[in-house]
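# Summary of the model geometry
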Amino acid sequence: MSRRLVSALLATVALSATLAACSQNLAGPAMPPLPISATAPIDYVRDIHSYARPEIARVRHVDLDLIADFAARTLSGTAALDVTAELGANQLVLDTRNLDIRAVRDEKGPLPFALGAVDPILGQPLTVTFPAFAAGETRKIFIDYATRPDAAALQWLTPAQTAGGELPFLFSQGQAILTRTWVPTQDSPGIRQTYSAEITVPENLKAVMSAEMLTPNGVAAGQGQRSYRFRMTNPVPPYLIALAVGDLAFAGTDPRTGIWTEPSGLDAAKAEFAEVGEMVTAAEALYGPYRWGRYDLLILPPSFPFGGMENPRLTFATPTVVAGDKSLVSLVAHELAHSWSGNLVTNATWADFWLNEGFTVYFENRIMEAVYGADRATQERALGWESLQDTLASLPAADTRLKIDLAGRDPDDGLTDIAYEKGAAFLRTIERIVGRERFDVWLKGYFERNAFRPMTTELFLADIRANLVNGDAALERQLQMDAWIYRPGLPSNAQAPVADAFTPVDAAARAFFVDKGPASANPWAGWATQERQRFLAWRPADLAAGADWLTPAQLADLETTLRMRSEGNAEVLFAWLQIAVAHRYQPAVPTLERFLTGMGRRKFVLPLFTSLWAEGDWGRPIATRIYAQARPGYHPVTTGSVDAVVGRPAG
Ligand code: BES
Ligand code: ZN
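What counts and how
Residues numbered from 1 in each chain as written. Chains lettered and ligands numbered in written order. Predicted model: local features only at pLDDT ≥ 70, side-chain atom pairs only at ≥ 80, totals over all residues. Heavy atoms only, no water. Pairing = 2+ DSSP bridges. Helix = DSSP H or I, 4+ residues; strand = E, 2+ residues; numbered from the N terminus. Contact = heavy atoms within 4.5 Å. Axes fitted to C-alpha atoms, helices over the stretch in contact; angles between N-to-C directions. Core = buried A, V, L, I, M, F, W, Y, C linked by side-chain atoms within 4.5 Å. Buried < 20%, exposed > 50% of the residue type's maximum accessible area, 1.4 Å probe, protein only. Near = heavy atom within 4 Å. Polar contact = N/O pair within 3.5 Å; in protein donor to acceptor, adjacent residues only side chain to side chain. Areas by Shrake-Rupley, 256 points an atom, 1.4 Å probe, with all protein chains shown as cover. Nonpolar A, V, L, I, M, F, W, Y, C, P; charged D, E, K, R; others polar. Expected span 1.5 Å × (residues − 1). Parallel < 35°, antiparallel > 145°, perpendicular 65-115°, else oblique. Left-handed = near helix turned anticlockwise from the far one by under 90°. Donors = N, O, S within 2.8 Å, 3.2 Å for Na, K, Ca; no water. Tetrahedral: all angles 85-135°; square planar, octahedral: opposite > 155°, others 65-115°.

## Regarding the sheet that holds strand β17 (residues 249-254)
The pairing of strands in a sheet comes from backbone hydrogen bonds and takes either a parallel or an antiparallel form. Reading across from one edge, β17-β18-β19-β21-β20 is the order of the five strands in this open sheet, with mixed pairing throughout. Because the sheet does not close on itself, it has two edges, and the strands there are β17 and β20 (308-309). Along the sheet, helix α3 (residues 276-287) makes contact with β17, β18 (257-261) and β19 (295-299), crossing β18 at roughly 135 degrees. Along the sheet face, helix α4 (residues 330-337) touches β19, β20 and β21 (314-317) and points at about 130 degrees away from the line of β19.

Here it is as structure tokens:
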């Protein structure tokens, strides 16, 4: 079930509206071609989603000094940037979007600056002019600024939107190109920066970041405020700079791992993620040392728009993964795996996104196998494969290439199962052909050789050819790497995961869906979440668009026998609600309404609103009514996508 629906939806929804608008601005001034080779590692590559000109002047370190004002919904203060530049350079170009830039200065005084034209996706270049750089010089440039209340990276939650109900909450989401809505810097994944921060918040709240906490309890900052200081000494792509502020409590799970969440959710989260330390150890045994010090999880309020976000040292996660039975912990394995694939070796541009997510889905499954066993891992692979088939059938062929063309498009358009599941299927194919042992040696080496570097698809190919294929022409032909990457669909060497992982489930599904047996006949109670997902994902092979595959009696049987009205597992509930909406099954509407107003994870929210919308005179009034109620609780990432389907509610 995972990303399949979001895949197709985001692709059609997000891009078309913005395509024309941003293509002109993307061209930019002529840029010298950059050397890309495996032997001379790149410092940066041209990124069409950033205005930065790092070959002239480049940000090396960001030091934030910000005050969080919950009444005004702004972060305001200063970003002090350490900048290095070519001899004679006198300009620095930064990315901003929707920022209120008050002044730019260096240690000697004010500097002239100009904001360029607004592009709806990219924002505005901020060009700072300064006296020419001397050779080898590093300079500090200070930007005094404030964010706007509708900054796309930030969500300011009212107390009512939190579990505790009494204190407000703030969190950021930087990936892919939203960091520029709260930090004026060069917002390109190829331009790694270290960072430090001092964040001042109301004294009854705590600030956490994707960085080492230098003042775990904060220090009094006067006027009812406390300041928290942080430092990230590994250079990171700016999309990994992350902040959350709220009524947060912590529980350790082992000496280097633990959970942050609102106090009322702490015990449940701690039990759910009891194996997180074991996961880190398993990951290290596979692909080398964990390089970030601590690994903690932050469980956010339900409006968090993603399942998880791999912010370094502190994965941000939706509370919908706290299922009570550890059935959705693969999300933690996934975000943890990004500590290597993504955070250590980083996609150089968003067109190379599959290098982050495909490698991570592969690695995630290896962690799951090591900690939870081969059966669970195989089932999860099979679900991913099934989801990939749906995505392949629904996307335009050009978008089923691993390396996709994002010219004039929002990087979100690449957020499909192609990057995730086709990417992982590619690596599994290589693993199968060369053998796991050889593959693991190569992959571990890949992380070591390229640590803290941006990676392009072409550099990846150069690395695997140099270090795994080694000129073996027969192996090269067998792998079909160019076809996997540059051609649509799946090459002939792709193989579905072991089919018998779900044999009994598929038999039960046939008995219910095809032979119209009673729902009570299937062993639902004995099934794990993955088996339930497989069952509910069943569709007739020849299902026509808009056609039903269940009778009203079957729907009622499913709903009552499987107790869907009280289902607590978000994945299972989502799968059921998709069926219910597609059949215009009215009795499920209260459950649907509760689900859609209770959390804001885009992967669930967007497909359900889209399916409602597709149900015309039945679904549209329901969608409009529920969205009016739910929208104020959603993060800008989610409303941005749903607005394009349902429209913005009046008022
Ligand atoms: N890095 C992604 C989330 C992301 C990608 C945010 C691109 C913005 C732009 C994260 O690692 C992820 O893939 N999350 C998944 C869950 C995962 C288990 C597949 C999600 O949020 O659904
Ligand atoms: Zn991911």
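## Concerning the nonpolar core
W182 and F460 are the most contacted members of the largest nonpolar core, which totals 151 residues. With 10 residues, helix α5 (residues 353-372) is the largest single contributor of residues to this core. Residues within four places of F460 in sequence aside, it is in contact with W354, L355, F359, F426, W442, Y446, M455 and I485. In terms of nonpolar packing, the next biggest core, distinct from the first, is built from 52 residues, A508, W524, V572 and W618 among them.

## Quick look at the site of ligand 1
In the vicinity of ligand 1 there are 18 residues, among which Q175, G307, E310, E335 and Y420 approach most closely. Within the contact set of ligand 1, an oxygen atom lies 2.6 Å away from a backbone nitrogen or oxygen of G307. Side-chain polar atom of E335 to an oxygen atom of ligand 1: 2.7 Å apart, as the coordinates give it. Summarising the interface, the protein chains cover 93% of the accessible area of ligand 1, which totals 520 Å² for the free molecule. Listed by contribution, the elements that provide at least two residues to the shell around ligand 1 are β20, α4 and α5. At three residues, the largest contribution of residues to the shell around ligand 1 is made by α4. Considering only residue class, the shell around ligand 1 consists of seven nonpolar, six polar and five charged.

## Digging into helix α12 (residues 503-514)
Turn by turn, an α-helix covers 3.6 residues, leaving residues three or four places apart pointing in a common direction. Over its 12 residues, α12 runs 16 Å from end to end, which matches the ideal 16 Å to within 8%, given 1.5 Å per residue. Considering only its buried residues, α12 is in contact with α13 (529-536) and α14 (552-561). K516, located one to two residues past α12, shows a positive phi value of around 60 degrees.

## Regarding the packing of helix α6 (residues 374-394) against α13
Remark: α6 packs on α13, axes separated minimally by 10 Å, with the N-to-C direction vectors making an angle of 25 degrees. Classified by the angle between their axes, α6 and α13 sit roughly parallel to one another. You can see that α6 and α13 cross each other, and the crossing is left-handed. Residues R376, Q379, E380, A382, L383 and E386 of α6 lie in contact with α13, whose contacting residues are Q530, E531, Q533 and R534.

## Remarks on the coordination of the zinc ion (ligand 2)
In the first shell of the zinc ion (ligand 2), the protein supplies H334 (NE2), H338 (NE2), E357 (OE) and E357 (OE), at 1.9 to 2.7 Å from the metal. If you look at the zinc ion (ligand 2), its six donor atoms make angles of 53 to 160 degrees with each other, and the shape they trace is irregular. Between consecutive donor residues of the zinc ion (ligand 2), the sequence gaps follow H-x3-H-x18-E. In this pair, H338 sits in the loop between α4 and β22 (345-347) while E357 sits in helix α5, placing the two residues 19 residues apart along the sequence. The pair H338 / E357 is uniform in exposure class, with both members buried.

Honestly, it's all geometry; don't read function into it.
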